[in-house]
Each structure stands twice: as structure tokens, then as C-alpha cells.
Amino acid sequence: MATFNKFNSFVEALAEKVHNLGSDQLKAALSSTLPVATNTVLANITQIAAVNGYPPGGIPLTTAESAQAGGVYKLTINDATLMATGGAVGPFQYVVLYNDTAANDELIGWYDYGVPLTITSGNSFIIDFDSDNGVLTII
């Protein structure tokens with residue numbers, strides 16, 4: 001499974017009511033350029049070209065759970081599938097989560113898949129979010 005890294009600004013944006021993780025539209029942007037923890041908004045990310053099934057602005061995500069139990073908050077996102085049609089998608093190595101509802105498309109975190117990936121036409125890529133532990137927890 002890919003490694004999740006949070007953007008530093010996510011913590012402040014959460015505290016200042018930029019994110020409502022239970023209702024905002026989250027998206028996954030694909031990039032071949034390593035994000036850095038000090039990036040703050042989607043404009044800081046170099047996305048791959050929006051072609052062959054990869055939509056402009058990234059892949060819309062569906063929140064499965066946004067809840068707390070015993071003082072621990074957990075965000076769980078349903079797995080997302082990207083199908084390459086009419087040509088390849090990529091290469092990309094990083095899947096960047098961001099808040100598309102927020103005014104400046106504020107960043108949340110990114111997954112590093114370790115190697116560049118290319119989806120050939122007719123094949124799909126599944127972003128496999130951890131359904132047990134969630135994308136993130138806040139203690």
C-alpha cells in the first residue's frame with residue numbers, strides 16, 4: 001500500500017474551518033512531480049495531463065465515513081477507479097488529496113506509490129483507501 005503524507009497547511013486549514021471533511025467534495029489529483037509538505041493549494045501541484053479518462057482537476061472521491069468515536073475522528077474514503085480510454089494515462093507516482101469545495105483547493109495529503117505508474121488504454125487503476133484505519137485519524 002502507498003504511503004500517506006500530510007501537507008503541513010492541512011492542520012491549520014482544518015483548525016480555521018477551511019475543511020468540512022464530512023461534506024466537502026474531495027478529489028485525487030495525479031502527479032509525476034514529488035509534492036512537498038509545504039505545498040498549500042492545488043495550484044502548487046503539477047498534475048499530469050487530463051486525457052484518456054483522467055478528468056480535469058482530478059478524480060472525484062466519495063466519503064464513506066466522517067465520524068468520531070471515543071474522541072478519535074476518522075475519515076474513510078471509498079476506493080476510486082480510473083479507467084484509461086483511448087490511450088494511456090500517466091506516468092504518475094503521486095496521488096494528491098485536496099478539497100475541491102474549499103475556495104483555493106486546499107491540499108490535504110498525498111500518497112507515494114514508490115515508482116512511476118502508467119495505465120494503458122482499457123486498463124484501470126484503483127486508489128485503494130484503507131477502509132479499516134481510514135485515510136486519516138485525529139486524536
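Before reading further, recall that the structure is shown in the block above.
Residues numbered from 1 in each chain as written. Predicted model: local features only at pLDDT ≥ 70, side-chain atom pairs only at ≥ 80, totals over all residues. Heavy atoms only, no water.

Novice: Could you give me a rundown of the overall build of the protein chain, with the residues and numbers involved?
Specialist: Across its full length, the protein chain holds one helix and ten strands. Moving toward the C terminus, one meets the helices and strands of the protein chain in the order β-α-β-β-β-β-β-β-β-β-β. The 139 residues of the protein chain split such that 39% are buried. Taking contacts inside the protein chain between residues at least 6 apart in sequence as the whole, the part at least 24 apart equals 74%. Here the protein chain displays about 6900 Å² of accessible surface, and carbon together with sulfur accounts for 51% of that area. For the protein chain, the separation between the mean place of its 4 positive charges and that of its 12 negative charges on side chains is 5 Å. (Helix = DSSP H or I, 4+ residues; strand = E, 2+ residues; numbered from the N terminus. Buried < 20%, exposed > 50% of the residue type's maximum accessible area, 1.4 Å probe, protein only. Contact = heavy atoms within 4.5 Å. Areas by Shrake-Rupley, 256 points an atom, 1.4 Å probe, with all protein chains shown as cover. Lys, Arg positive; Asp, Glu negative; His and termini not counted. Charge placed at Lys NZ, Arg CZ, Asp CG, Glu CD.)

Novice: Hey, could you go over the sheet that holds strand E5 (residues 72-77) for me, with residue numbers and the actual values?
Specialist: One open sheet holds the three strands; their spatial order is E4-E5-E10, and the pairing between them is antiparallel. Two strands bound the open sheet, and with one partner strand each, they are strand E4 (63-69) and strand E10 (136-138). Across the sheet, the mean angle separating the axes of adjacent strands is 10° when strand polarity is ignored. Relative to E10, E5 is paired through three bridges, and the arrangement is antiparallel. Within E10, the position partnered with Tyr73 by the bridge is Ile138. (Pairing = 2+ DSSP bridges. Axes fitted to C-alpha atoms, helices over the stretch in contact; angles between N-to-C directions.)

Novice: Explain the packing of aromatic side chains to me, using residue names and the numbers behind them.
Specialist: The full count for this structure, using the stated rule, is five aromatic pairs. Centroid distance Phe7 to Trp110: 4.8 Å. Interplanar angle 45°. Geometry classified as tilted. With Phe7 in the loop between strand E1 (3-6) and helix H1 (8-15) and Trp110 in strand E8 (residues 107-119), this residue pair connects regions lying 103 residues apart in the sequence. For Trp110, a relative accessible area of 8% puts it in the buried group. Summarising the aromatic geometry, the rings of Phe92 and Phe125 are spaced 5.1 Å apart at their centres and angled 75° between planes, so their arrangement reads as edge-to-face. Taken together, the residues span a long stretch of sequence, with Phe92 in strand E7 (residues 89-99) and Phe125 in strand E9 (residues 124-127) at a distance of 33 residues. The two residues Phe92 and Phe125 agree in class, both being buried. Clustering of aromatic rings is evident, with ring pairs tying together Phe4, Tyr111 and Phe129. (Phe/Tyr/Trp six-rings, centres within 6.5 Å; stacked < 30°, edge-to-face > 60°.)

Novice: A description of the sheet that holds E7 should follow, citing residues and the corresponding values.
Specialist: Taken in spatial order, the five strands line up as E1-E8-E7-E2-E3 in an open sheet, and their pairing is antiparallel. Each edge of the sheet is formed by a strand with only one pairing partner; in this case those strands are E1 and strand E3 (59-60).

Novice: Explain the environment of Tyr113 to me, and be specific about the residues and the numbers.
Specialist: The topology assignment puts Tyr113 in strand E8. Measuring from C-alpha to C-alpha, the distance between Tyr113 and Gln93 comes to 5.4 Å, with 20 residues separating the pair along the chain.

Novice: If you had to explain unusual backbone geometry to someone new, which residues and values would you point to?
Specialist: Pro91 follows Gly90 through a cis peptide bond whose omega is 10°. At Lys17, a position not held by glycine, the phi torsion is positive, near 65°. By secondary structure assignment, the location of Lys17 is in the loop between H1 and strand E2 (26-31). Residue class for Lys17 comes out exposed when judged on its relative accessible area of 75%.

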